[in-house]
Amino acid sequence: KTAAELTRGLLTFSRQVETKLRPLDLNTVLLEVTQMLKRTLPKMIEIRVSLSSALDLVEADPGQIQQLVMNLCVSARDAMPNGGCLTIETKNVYVSEECHRCECVVGGPGNYVLLSISHTGTGMDASTRERMYDPFFTSKMVADAGGVGLSVVFGIVKSHSGYIVCLSGPEEGTTFNMYFPALGSA
């Protein structure tokens, strides 16, 4: 990573970078990022994209959403050194009171736009999941570690009044489900 990228990540994590929220269709950002990923990720990683055609708008900063997706996709790449599948999905969801309790989410029930990024690579054990959002925590070799990627993701989701749920297990891959409050139909 360059010093500028690390500094931007740290400032985003500490929320000292001004967030420029505006009504946004996440699919627009995801289509741009997907094109970049197809050019930069190794060919042995299959990229699958499933974007809802009638996605609600969210109040979001396009640059920060792009950074969030790139951080998760770089993490996915690192978890699939021998290849695998990276899946990016969006859909409108209603989180009921019951579902809210099941997933241990901090946000309340309501309409959300779900952004899900998953991979088929190595997953995380319970002790890694407990620390994954800690600044500078990494499960990678020290020379390869950036250390702020998931902390930045967590900070961006929270700064957008959203919440994040991670599903992962050793050798089971990983899924990050990010819920952003919906503004209404696009």
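This text goes with the structure placed above it.
In this report, we go over the structure that sits alongside the text. Starting afresh in each chain, residues are numbered from 1 along the sequence in its written order. In keeping with the model being predicted, local features are shown solely for residues with a pLDDT of at least 70 and side-chain atom pairs are shown and tallied solely at 80 or more, while totals for entire chains, interfaces and linings include all residues. Side-chain numbers come from the whole structure's heavy atoms, not from hydrogens or water.

1. So, the overall build of the protein
Scanning the protein from N- to C-terminus turns up six helices and seven strands. Walking the protein from its N terminus toward its C terminus, one meets helices and strands in the order α-β-α-β-β-α-β-α-β-α-α-β-β. Per-residue burial for the protein yields a buried fraction of 42% across its 186 residues. Of the contacts formed within the protein by residues at least 6 apart in sequence, a portion of 76% connects residues at least 24 apart. Helix and strand assignments follow DSSP, with helices taken as H or I runs no shorter than four residues and strands as E runs no shorter than two, numbered in order from the N terminus. Burial status follows relative accessibility: with a 1.4 Å probe on protein chains alone, a residue under 20% of its type maximum counts as buried, one over 50% as exposed, and anything between as partly exposed. Residue contacts are defined here by distance: any two heavy atoms, one from each residue, within 4.5 Å place the two residues in contact.

2. Examining unusual backbone geometry
One non-glycine residue with positive phi stands out, namely S161, at about 60°. Residue placement: S161 occurs in the loop between α6 (149-159) and β6 (163-168). Residue S161 is classed as exposed on the basis of its relative accessible area of 56%. With a phi close to 60°, E171 is a non-glycine residue in the positive phi region. Along the chain, the position of E171 falls in the loop between β6 and β7 (174-184).

3. As for helix α3 (residues 62-79)
For α3, with 18 residues, the first-to-last C-alpha span of 26 Å sits near the 26 Å given by 1.5 Å per residue. Of the residues making up α3, those classed as buried are Q64, I65, Q67, L68, V69, N71, L72, C73, A76 and A79. With a side-chain oxygen positioned 2.9 Å from the backbone nitrogen of G63, the residue opening α3 is D61. In this analysis, the expected span of each helix is defined as 1.5 Å times one less than the number of residues it contains. Polar contact criterion, stated in full: a pair of N or O atoms within 3.5 Å, where within protein one must be able to donate a hydrogen and the other to accept it, and residues adjacent in sequence count only if both atoms are side-chain atoms.

4. Points about the side chain of N27
Among the structural elements, N27 can be located in helix α2 (residues 26-40). In terms of polar contacts, N27 uses its side chain to reach the side chain of T90, at 2.8 Å. The residues contacting N27, other than those within four sequence positions of it, are L51, S52, L55 and T90.

5. A few points about the packing of α2 against α3
With axes taken as lines fitted to C-alpha atoms, and helix axes fitted only over the stretch in contact, angles between N-to-C directions fall between 0 and 180 degrees. Interaxial distance between α2 and α3 falls to 10 Å at its minimum, and their mutual angle equals 45°. Comparing their axes, α3 and α2 come out oblique. Where α2 crosses over α3, the handedness of that crossing is right-handed. Mapping the contact onto sequence places L26, V29, L30, V33, M36 and L37 in α2 and P62, I65, Q66, V69, M70 and C73 in α3. Considered class by class, the residues forming the contact of α2 with α3 number eleven nonpolar, one polar and no charged. Small angles under 35 degrees read as roughly parallel and large ones over 145 as roughly antiparallel, with 65 to 115 read as roughly perpendicular and the rest as oblique. Left-handed describes a crossing whose near helix is turned anticlockwise from the far helix through less than a right angle; right-handed describes the clockwise counterpart. When residue character is reported, Ala, Val, Leu, Ile, Met, Phe, Trp, Tyr, Cys and Pro are called nonpolar, Asp, Glu, Lys and Arg charged, and the others, Gly included, polar.

6. Here's the deal with the packing of aromatic side chains
Between two aromatic rings, the relevant description is the distance of the centres plus the angle of the planes. Any two of the Phe, Tyr and Trp rings considered here, Trp counted by its six-membered ring, make a pair once their centres fall within 6.5 Å; the pair's planes then place it as stacked at under 30 degrees, edge-to-face at over 60, or tilted in between. The final tally for this structure, using the stated rule, is three aromatic pairs. Ring geometry for Y112 versus Y163: centroids 5.3 Å apart, planes at 75°, classification edge-to-face. Taken together, the residues Y112 in strand β5 (residues 110-119) and Y163 in strand β6 connect sequence positions 51 residues apart. Take Y163: its relative accessible area is 2%, and that puts it in the buried class. Among the aromatic residues, those joined into a cluster by ring pairs are Y112, Y163 and Y179.

7. Notes on the pattern of salt bridges
The term salt bridge refers to a pairing of a side-chain nitrogen on Lys or Arg with a carboxyl oxygen on Asp or Glu at a separation within 4 Å. As enumerated under the stated definition, the model contains two salt bridges in all. In this structure, R48 and E46 form a salt bridge, with 3.0 Å as the shortest nitrogen-oxygen distance. For D78, the salt bridge goes to R77, with nearest N and O atoms at 2.9 Å. D78 sits in the partly exposed class, given a relative accessible area of 33%.

8. Concerning the nonpolar core
Counting 35 residues, the largest nonpolar core has L26, L68, L86, L115 and M178 as the members making the most contacts within it. Beyond its immediate sequence surroundings of up to four residues, L68 is in contact with L115, V153, I156, V157, M178 and F180. Grouping buried Ala, Val, Leu, Ile, Met, Phe, Trp, Tyr and Cys residues that are joined through side-chain atoms within 4.5 Å yields what is termed a nonpolar core. Judged by nonpolar contacts, the second largest core, of seven residues, contains V95, Y112, V165 and Y179.

As far as function goes, none of this settles anything; it's purely spatial.
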